[in-house]
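Understanding the architecture of this molecule
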Amino acid sequence: MRFAYIENGIVYDSIMVRPETVFYPHYASKFVEVPEEVRSGWTFDGTNFAPPPEPQIPEAPAEPTKEELMAQLAALTAKIQAL
């Protein structure tokens, strides 16, 4: 059995013990029983629970081509020679 405090459609304090055993009565009374898979951070639309979206990992920049590296080397060489 799992319980959670839900506010504004967001699940907080998803716990596996009866809330009245760990929280003050006023706060414990705000908990509802939820499905076992529900965790803090999930959303609730009034009917269904949903996990948070997977984090978007940005793509790594493409490795420079040999030609690009050669152009960078030439530019750096020119700067070094100017010193």
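Our structure's up above, just so we're on the same page.
Below or above, wherever it landed, is the structure these notes cover.

**Some thoughts on the nonpolar core**
- Residues Ala 4, Val 11, Val 34, Val 38 and Trp 42 constitute the largest nonpolar core, which totals 5 residues.
- Each residue touching Val 38, except ones within four places of it in the same chain, is listed here: Arg 2, Val 11, Ser 14 and Phe 49.

**Re the side chain of Ser 14**
- Looking at where Ser 14 falls in the secondary structure, it is placed in strand β2 (residues 10-15).
- Classification of Ser 14 as buried rests on a relative accessible area of 14%.
- Among the polar contacts listed, one links the side chain of Ser 14 to the backbone oxygen of Val 38, at a separation of 3.0 Å.
- Ignoring any residue separated from it by four or fewer positions in sequence, one finds Ser 14 in contact with Arg 2, Phe 3, Ala 4, Val 38, Arg 39 and Ser 40.

**A short note on the pattern of salt bridges**
- Enumeration over the complete set of coordinates arrives at 1 salt bridge.
- Glu 20 serves as the salt-bridge partner of Arg 18, at 2.9 Å between the closest nitrogen and oxygen.

**Things to note about the packing of aromatic side chains**
- Tallying each qualifying case throughout the model produces 7 aromatic pairs.
- On the numbers, 6.1 Å between centres and 40 degrees between planes, the contact of Tyr 5 with Phe 31 is tilted. Of the two residues, Tyr 5 sits in strand β1 (residues 2-7) while Phe 31 sits in strand β3 (residues 31-34), which places them 26 residues apart along the sequence.
- Under the relative-accessibility criterion, Tyr 5 is labelled buried at 13%.
- In this structure Phe 31 comes out as buried when scored by relative accessible area, which is 9%.
- When the centroid spacing of 5.1 Å and the interplanar angle of 20 degrees are considered together, the rings of Phe 23 and Phe 31 count as stacked.

How each quantity is defined
Residues numbered from 1 in each chain as written. Predicted model: local features only at pLDDT ≥ 70, side-chain atom pairs only at ≥ 80, totals over all residues. Heavy atoms only, no water. Core = buried A, V, L, I, M, F, W, Y, C linked by side-chain atoms within 4.5 Å. Buried < 20%, exposed > 50% of the residue type's maximum accessible area, 1.4 Å probe, protein only. Contact = heavy atoms within 4.5 Å. Helix = DSSP H or I, 4+ residues; strand = E, 2+ residues; numbered from the N terminus. Polar contact = N/O pair within 3.5 Å; in protein donor to acceptor, adjacent residues only side chain to side chain. Salt bridge = Lys/Arg side-chain N within 4 Å of Asp/Glu carboxyl O. Phe/Tyr/Trp six-rings, centres within 6.5 Å; stacked < 30°, edge-to-face > 60°.

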